[in-house]
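Remarks on the overall topology
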Amino acid sequence: MKPNTLSQSSLLRVENVTKRFGGVTAVGNVTFSVELGQIVGLIGPNGAGKTTLFNCVTGLGLPEEGNIYFGDSETLLNRLDPDQIVAAGVARTFQTIRLFKHMSVLENVMVGAHSKTRSGILGALLRPRWVLVEEKKLVSRAHQLLHFFGLDHKSYEIARNLSYGHQRKLEIARALASQPKLLLLDEPAAGMNPKEKEELLDLIRTIRKSGVTILLIEHDMKVIMPISDHVVVLDYGKKIAEGKPKDIQRNPEVIEAYLGTGTYPSHA
Amino acid sequence: MRKNREDTRRGAPLWAPDLIRRRRPGRHRGPPLQLKNGIYCGFIILAAFLIPLVDRNAYHIDVLVTAGIFMMLALGLNVIVGSAGILNLGYAALFAIGSYTYALANIHLHIPFWVGLWISAFSAAFFGMILAFPALRLSGDYIAMVTLGTGEIVRIVLNNLDPITGGPNGLLGIDHPAFGIAGYNFGVRSEPYYYLVLGLVILIVVVLKRIESSRLGRAWLALREDELAASCMGINPVWAKLSAFGIGGFIAGIAGAVFASKQGTVSPDSFDFVVSVMVLAMVVLGGLGNIAGAMLGALVLSLLPELLRGFDLYRMLLFGFAMIVMMLFRPQGILGEIHYQEEFENKLLKRESGAKL
């Protein structure tokens, strides 16, 4: 493995991060960085530690070793709580959909913007002008976001009633409501049909164009290869390769991790 | 459109929940539905206002005052259990703290009711937040056990701290509310308390409705639905839980002060574990997370034992039986889960306002 060159313009820098669960090292000494404005794919076979790494970045799990830096101001993410990390500009979606099932679609997106709004108990009680304005802006922004994802006609539906593909999209909309600089997508295309996947790719490209950097976990090579600028490959918690999608596709170590060595165990 | 409507009906109750006025932010707020709900609310308040003028039976009014106090408690607990989704089995402790705060402030410092009311509210809110602290790190059943424990601790302390709380005998000679300097004293009649409780319940409902449709209300719901996802959306769970306990405590404090001033005496056995369970049963019976439901649950569970008095010894048996039947046929509570209902209401709203989405 060649030494990693960490440039100063990177938005997210993961440095020597190690996360253990008891004796199992879920993520071991992983280092990589996400450049501003890129779409970075994080791939690897099942159990490679991709989601664990996401959890470390979003404050759901404290890494035992290593540091995670974010933004120009070099915020150390692994000292912050999840809600502070959102406020700093990192939003995420979940592999298993975790919407607020019994709230309306609109309310889901409005909750997503929690860190961007200020009103508290007194604001709710007295309803001064700024609170009303804030609420109004929030609603119209939520509608805009839903419109972008083609969900506006479902605004008042209960989230649970949406179809699977729509729920996936709503997760992304909810994460975007916090106006993040970095968006972490955990298998956004899981369970989608080829047509939906194609749509999703277009959406992700548009999101990137609007100035959001994206770190993406995905299994499906057909999804990850056309969209990523840079791909990081994990296997058994270790980074085994990193580079342009084209090179990754030809990397023998990656092929081995995904397909095995092709040698039949002959000790009979 | 037709297919759509059927989809949403599947989980929705069959009756139209018109009684509940739900503020919807945004441009799709349907004026006709709101007006209709406003008129219903007006009628209910007017009817409530007229009851003591029509019904001169002091016993009836007295029962209604007790029901009103329980209504406040149910509304307060609904914030903690229904909205924020934290099972609290020690709510009577906050009620007790409200009562004793007013009792002590009035007996020792001669603080009048109208001031003592707010002192009680704030002190119960404060204790509510203290009670929340051990609960912050826990979830689910464990919170229930901790709140159960703290609830009992408060009652046992009141029972044993004789020099301050008077022990099992409690505190006597608490002033009834009065107006002006020489003026009108509430005394032991029920009507003035009835109007006091009515006013306070209306005030609390207005406050809770406002919070429900605010950023804080949404944060509570999100916390209840999925704490982990909520924190990943920028909600600070500590802030959300503390504010739920604080507001729940505040309301319990108000109820406690009214209770103490009406009784003229407080003693620890009024704040038994059974009271916590009873208030919880009211919230669950009415429909978790539903403001109107909590009030209806409180009314039903306060009036039912009185209505069943004719059955003498079998009263409590029938009461229990009624609750079991209720839970068998409507496990989501009388007014149902708020969200099913909203779902239905939104359909109504869209149809009536003819809003194109």
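Quick caveat: nothing in here was measured; it's all calculated off a predicted structure. (Residues numbered from 1 in each chain as written. Chains lettered and ligands numbered in written order. Predicted model: local features only at pLDDT ≥ 70, side-chain atom pairs only at ≥ 80, totals over all residues.)

1. Notes on the overall build of chain A
- Helix and strand content of chain A: 10 helices and 10 strands.
- Relative to a compact globule of 268 residues, whose C-alpha radius of gyration would be 18 Å, chain A shows 20 Å and is just as compact.
- Over its C-alpha atoms, taken along the principal directions, chain A stretches across nearly 75 × 40 × 35 Å.
- Taking all 268 residues of chain A together, 45% fall into the buried category.
- In chain A, the share of contacts with a sequence separation of at least 24, taken over all contacts with a separation of at least 6, comes to 66%. (Helix = DSSP H or I, 4+ residues; strand = E, 2+ residues; numbered from the N terminus. Rg over C-alpha atoms; globule rule 2.2 N^0.38 Å. Buried ≥ 20, exposed ≤ 12 C-beta atoms within 10 Å, placed from the backbone. Contact = placed C-beta atoms within 7 Å.)

2. Some thoughts on the sheet that holds strand β5 (residues 75-76) of chain A
All names here are of chain A.
- Reading across the sheet, the 4 strands line up as β2-β1-β4-β5 and stay open at both edges, with antiparallel pairing between neighbours. Edge positions in the open sheet fall to β2 (24-35) and β5, since each of these has one partner strand only.
- Across the sheet, helix α1 (residues 50-57) touches β1 (10-21), β2 and β4 (65-70), and the angle it forms with β2 is around 65 degrees. (Pairing = 2+ DSSP bridges. Axes fitted to C-alpha atoms, helices over the stretch in contact; angles between N-to-C directions.)

3. Comments concerning the interface of chain A and chain B
- Taken together, the contact pairs 36 residues of chain A with 30 residues of chain B.
- If you list the elements that add at least two residues to the side of chain A that touches chain B, you get α2 (82-88), α3 (105-112), α4 (121-126) and α5 (129-148) of chain A.
- Residue classes in the side of chain A that touches chain B are distributed as 15 nonpolar, 12 polar and 9 charged. (Nonpolar A, V, L, I, M, F, W, Y, C, P; charged D, E, K, R; others polar.)

4. Comments concerning helix α8 (residues 191-212) of chain B
All names here are of chain B.
- An ideal rise of 1.5 Å per residue puts 32 Å on 22 residues; α8 measures up with 31 Å between its terminal C-alpha atoms.
- Residues of α8 that are buried include every one of Y193, Y194, V197, L200, V201, I204, V205, L208, I211 and E212, and no others. Taken around the axis of α8, the buried residues stretch over an arc of 145 degrees, which confines them to a single face. For α8, the exposed residues lying more than 90 degrees away from the buried face are G199, L203 and V206. (Expected span 1.5 Å × (residues − 1). Arc of directions from axis to C-beta.)

5. Digging into the domain arrangement of chain A
Residue and element names in this part refer to chain A.
- Structurally, chain A comprises domain 1 (1-89 + 180-268) and domain 2 (105-179).
- Computed over C-alpha atoms only, the centres of domain 1 and domain 2 are separated by 28 Å.
- Each partner contributes to the interface: domain 1 provides 12 residues, whereas domain 2 provides 10 residues.
- Among the secondary structure elements, those contributing two or more residues to the side of domain 1 that touches domain 2 are α2, β7 (182-186) and α7 (194-209).
- Here the side of domain 1 that touches domain 2 is built from residues that sort into 9 nonpolar, 1 polar and 2 charged. (Domains from an automatic or database assignment.)

6. Some thoughts on the nonpolar core
- Within the largest apolar cluster, 170 residues are counted, with the highest numbers of intra-cluster contacts made by M72, L73, A74 and L75 of chain B.
- A total of 14 residues in this core trace back to one element, the largest contributor, which is helix α3 (residues 58-83) of chain B.
- The residues that make up this core include at least three from each of domain 1 (1-89 + 180-268) and domain 2 (105-179) of chain A.
- What A74 of chain B contacts, discounting residues up to four positions off in sequence, is V279, M282, V283, A294, M295, G297 and A298 of chain B. (Core = buried A, V, L, I, M, F, W, Y, C linked by C-beta atoms within 7 Å.)

7. Overview of the packing of α8 of chain B against helix α11 (residues 237-263) of chain B
Residues and elements named next belong to chain B.
- In contact at an axis separation of 12 Å, α8 and α11 are set at 180 degrees when each is read in the N-to-C sense. Put simply, α8 runs roughly antiparallel to α11. Contacts between α8 and α11 pair Y193, L196, V197, L200 and I204 from the former with I251, I254, V258 and K262 from the latter.
- When its residues are assigned to classes, the contact of α8 with α11 shows 8 nonpolar, no polar and 1 charged. (Parallel < 35°, antiparallel > 145°, perpendicular 65-115°, else oblique.)

8. Some thoughts on the packing of α3 of chain B against helix α12 (residues 273-286) of chain B
Residue and element names in this part refer to chain B.
- At a minimum axis distance of 9 Å, the contact between α3 and α12 shows a crossing angle of 75 degrees. Between α3 and α12, the angle is such that the two are roughly perpendicular. Where α3 approaches α12, its residues F70, L73, A74, L77, N78, V81 and G82 are matched on the opposing element by V279, L280, M282 and V283.
- Tallied by class, the residues present in the contact of α3 with α12 amount to 9 nonpolar, 2 polar and no charged.

9. Focus on unusual backbone geometry
- At N29 of chain A, a residue that is not glycine, the phi angle is positive and equals roughly 55 degrees.
- Topologically, N29 of chain A is positioned in strand β2.
- Phi is positive for H110 of chain B, which is not a glycine, with a value near 55 degrees.
- Following the sequence through the fold, H110 of chain B ends up in the loop between α4 (91-109) and α5 (113-136).

10. Some details on the confidence of the model for chain B
Residues and elements named next belong to chain B.
- Across chain B, the average pLDDT comes to 83, with 83% of residues at 70 or higher.
- By mean pLDDT, the top-scoring element of chain B is α4 (96), and the lowest-scoring one is helix α1 (residues 2-9) (38).
- In this model, residues 1-30 is a region of pLDDT below 50 whose contacts with residues beyond four sequence positions or in other chains number 46 contacts.
- Note on residues 352-357: pLDDT under 50 across the span, and 13 contacts to partners over four residues away in sequence or across chains.
- Quick note on the complex model: pTM equals 0.86, ipTM equals 0.89. (pLDDT = per-residue confidence, 0-100.)

11. A few points about the sheet that holds strand β6 (residues 90-92) of chain A
Residue and element names in this part refer to chain A.
- Pairing is mixed across the open sheet formed by 6 strands, whose spatial order is β6-β7-β8-β3-β9-β10. Edge positions in the sheet fall to β6 and β10 (238-243), since each has one partner strand and no second. Put simply, the sheet's adjacent strands are angled 20 degrees from each other on average, direction ignored.
- In this structure, strand β3 (residues 39-43) lies alongside strand β9 (residues 230-235), joined through 4 bridges in parallel fashion. In the sheet register, L42 faces β9, and the bridge partner there is V232.
- The sheet contacts of α7 involve β3, β7 and β8 (213-217), and relative to β8 the element is tilted by about 150 degrees.

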